[in-house]
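# Structural description and commentary
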Amino acid sequence: MTIVVTTTAGMVEGRTEGTLSVFKGIPYAAPPEGPLRMQAPVPAPRWDGVRRAFEFSAAPPQLPLTPGTPPLWRPADGLDCLSVNVWSPGGKGDRLPVMVWIYGGGWKSGSSSDPAYDGATLARDGVVMVTFNYRVGFEGFGFVPGAPANRGFLDQAAALRWIHDNIVAFGGDPDNVTIFGESGGGLSVAALLTAPGARGLFHRAIAQSTAARVLPEQESRRIAELTARALGVRLAELATQPPVALLSVQDAALTDMEADPGSWTTPEAITAATPVIDGVTVVDKPWLALRSGVARDIDLIAGATHDEFTLFAMSRGLISPSVPAMVKALPHLVGTTMRGLRRNGLPATRRASRLRTVDVRSTAAHLGLPASATADYQAAYPAATDAELYTLMYSDAMFRMPAIWLAEAHTAAGGRSYLYDFTWQTPVFGGALGACHAADIMATLGNTDNPLAAFLLGGGRPPESLHRMSGRLRASWISFATTGDPGWPAFSTESAVTKIWDAEPTVAVNPLAASRQIWQDLSLR
């Protein structure tokens, strides 16, 4: 069966799937091509008749996130990517809570068509679920002279405006909208809290594994200059290069970051595509901008996975799974690689540089920690090897401390905050990655039949502990979206009450006290 809904741009036809009405690929903005490329989004043109909304739109231009994985975008797909998708258990007039997922991917990859982000499971629990595309990579975040910065964030604000104006027709309540996202999506959530263009468009926020990466404008320009040099063009000519050409050099600046990490604001050299503090869309680092109190009326959940950086440390050769664990995971890894071997007209994805040795003192210095920090880490984690201390430092710097800083700043400004620590360990590689980055996505959206889940589960069946914990986490997120109460006490700077998401969830007080103490004077920088 199908169902027709009227939006501000025209009528759309979706499908009925069980108890849900599902709409995919509805444009919220015009295609960012021709004179609209590298510009702020403009509303989608109106259409006559009924537009079918059965399939996802094209993804934004991007390479596969890791070498060997199948691409989400191909050159033939073009640039018509700015679309929303809706899963609704209700109809016009029901005014159900609305939850809006913002994907991550290092700001250089990601698409709402990724099956890991399917919204059906949460929607069946009684909310209207929305996902959308936004521009990534240079198209979304590269420095372009004369063009607006943070175009990907401008896309996000435009999508939220579409939701505000249209969601009633799909059974949602525009006055009860919760945004949530992970990694780059978590930073997007954090930035939108204080973005003037998003004010009034959402009412609660969940920032998962907020990636602590926003650059000053001069550093964003420096990355663009290195990108232009790699392509053999002038800086002013970058915006006119074909998407595939830009993708071929999107990581050119990472070589300079790796060679001289101390001269960069964020030295981890994972992605060159990065939001910039422009004073317009991103007014400051989110945990600093929140101190103004501008978002005090928005309830906030913030948190991270316990072992965030293990996934990245493994790519750099710092974590070596056992031989039996590798043998067990090999069929899945080979299958994924074989499916991704065809280039589809795309350049190769850059592989992370492997580290031969780890100097924890240099690592601490690169992260801006004081000279005493190395000894403090060694005292706090006496059994940790240098490689494990490296991973801990980056886990704290990039994800774990920013979550705490968000809660601290929001609470200090009069807002209500909740903190969590996701500790459920993935079984992949015999548990070598622990509760790694992205491990919470399966639990949050309830989807275990997709490439991301297959990797994190080592190709095996989802354990009962994951299903059980996922059900509890989803119920908590929905309770928060509905009433503002996730089911555990609010954060305070005195107690730092924290929800521990594991097979059997608990509540703890200040579980990251050692790291928090080391970083306590650095949140204001």
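What counts as what
Residues numbered from 1 in each chain as written. Predicted model: local features only at pLDDT ≥ 70, side-chain atom pairs only at ≥ 80, totals over all residues. Heavy atoms only, no water. Phe/Tyr/Trp six-rings, centres within 6.5 Å; stacked < 30°, edge-to-face > 60°. Helix = DSSP H or I, 4+ residues; strand = E, 2+ residues; numbered from the N terminus. Buried < 20%, exposed > 50% of the residue type's maximum accessible area, 1.4 Å probe, protein only. Lys NZ or Arg CZ within 6 Å of the ring centre and 35° of its normal. Lys, Arg positive; Asp, Glu negative; His and termini not counted. Salt bridge = Lys/Arg side-chain N within 4 Å of Asp/Glu carboxyl O. Polar contact = N/O pair within 3.5 Å; in protein donor to acceptor, adjacent residues only side chain to side chain. Contact = heavy atoms within 4.5 Å. Axes fitted to C-alpha atoms, helices over the stretch in contact; angles between N-to-C directions. Parallel < 35°, antiparallel > 145°, perpendicular 65-115°, else oblique. Nonpolar A, V, L, I, M, F, W, Y, C, P; charged D, E, K, R; others polar. Core = buried A, V, L, I, M, F, W, Y, C linked by side-chain atoms within 4.5 Å. Arc of directions from axis to C-beta. Left-handed = near helix turned anticlockwise from the far one by under 90°. 1 Å grid on protein atoms, 1.4 Å probe; cavity = no way out; pocket = protein on both sides within 12 Å on 5 of 7 lines; lining within 4 Å. Points joined across faces, edges and corners; volume = space filled by probe spheres on them.

### Brief notes about the packing of aromatic side chains
As enumerated under the stated definition, the model contains 24 aromatic pairs in all. Between Phe 429 and Phe 455, the ring centres sit 6.1 Å apart and the planes meet at 70 degrees, which makes this aromatic pair edge-to-face. Highlighted residues: Phe 429 in the loop between β13 (417–422) and α14 (439–445) and Phe 455 in helix α15 (residues 451–456), separated in sequence by 26 residues. Looking at Phe 429, the relative accessible area reads 6%, which means it is buried. Each member of the aromatic cluster is reached from another via a ring pair, and the members are Tyr 28, Trp 101, Tyr 103, Tyr 117, Phe 132, Tyr 134 and Phe 180. Seen from the ring of Trp 501, Lys 499 lies directly overhead, with NZ or CZ sitting 5.1 Å from the centre.

### Some words on the side chain of Glu 308
Relative to the helices and strands, Glu 308 is located in the loop between β12 (299–305) and α9 (310–315). For the buried Glu 308, which has no salt bridge, the nearest side chain bearing the opposite charge is Arg 400, at an N-O separation of 7.8 Å. Looking at Glu 308, its side chain comes within polar contact range of the main-chain nitrogen of Thr 305, at 2.8 Å. Separated by 2.6 Å, the side chains of Glu 308 and His 437 make a polar contact. Setting aside residues up to four positions removed in sequence, Glu 308 forms contacts with Ser 209, Ser 395, Phe 399, Arg 400, Ala 435, Cys 436 and His 437.

### Some remarks on the packing of helix α12 (residues 373–380) against helix α13 (residues 386–412)
For the pair α12 and α13, the least separation of the axes is 11 Å and the interaxial angle reads 105 degrees. Accordingly, the angle class assigned to the pair α12 and α13 is roughly perpendicular. Between α12 and α13, the contacting residues are Thr 374, Tyr 377 and Gln 378 on the first element and Leu 389, Leu 392, Met 393 and Asp 396 on the second. Looking at side-chain class alone, the contact of α12 with α13 contains 4 nonpolar, 2 polar and 1 charged residues.

### Notes on the nonpolar core
Grouped together as the largest cluster of nonpolar side chains are 138 residues, with contacts concentrated most on Tyr 28, Met 129, Phe 170, Phe 202, Trp 477 and Trp 519. A per-element tally of this core places α13 first, with 16 residues. Setting aside anything within four residues of it in sequence, one finds Met 129 in contact with Asn 85, Val 86, Trp 87, Met 99, Trp 101, Gly 119, Leu 122, Ala 123, Phe 180 and Leu 445. Formed by 10 residues, the second largest nonpolar core is a distinct cluster that contains Met 38, Phe 138, Ala 147 and Leu 246.

### Let's talk about the pattern of salt bridges
Between side chains of opposite charge, a pair can form when the charged atoms approach closely. Overall, the coordinates contain 14 salt bridges when judged by the stated rule. Through salt bridges with shared partners, a single network forms among Arg 95, Asp 173 and Asp 175.

### Some remarks on helix α7 (residues 252–259)
Along an α-helix, residues three or four positions apart point the same way, because every turn accommodates 3.6 residues. Within α7, the full set of buried residues consists of Ala 253, Leu 254 and Met 257. Along the axis of α7, the buried positions cluster into a sector of 105 degrees, meaning they face one direction only. Close packing links the buried residues of α7 with α5 (217–231).

### Concerning the packing of α5 against α7
The interhelical angle for the contact between α5 and α7, taken along N-to-C directions, is 120 degrees, at an axis separation of 7 Å. The orientation of α5 relative to α7 falls into the category oblique. The hand of the α5/α7 crossing is right-handed. Between α5 and α7, the contacting residues are Ile 223, Leu 226 and Ala 230 on the first element and Ala 252, Ala 253, Asp 256 and Met 257 on the second. Here the residues of the contact of α5 with α7 sort into 6 nonpolar, no polar and 1 charged.

### Comments concerning empty space enclosed by the protein
Tallying each qualifying case throughout the model produces 4 cavities of 30 Å³ or more. Of the volumes computed, that of the largest cavity is approximately 130 Å³. Phe 138, Gly 142, Ile 223, Ala 272 and Ala 273 are, among the 14 residues lining the largest cavity, the residues nearest its centre. Elements with a minimum of two residues in the lining of the largest cavity: α2 (137–141) and α5. A per-element tally of the lining of the largest cavity places α5 first, with 4 residues. Looking at the lining of the largest cavity residue by residue, the classes come out as 8 nonpolar, 6 polar and no charged. The computed volume of the second largest cavity comes to approximately 110 Å³. Together, 14 residues line the second largest cavity, and Ile 404, Leu 419, Tyr 420, Thr 498 and Leu 512 are the ones closest to its centre. Per-class residue counts for the lining of the second largest cavity are 8 nonpolar, 4 polar and 2 charged.

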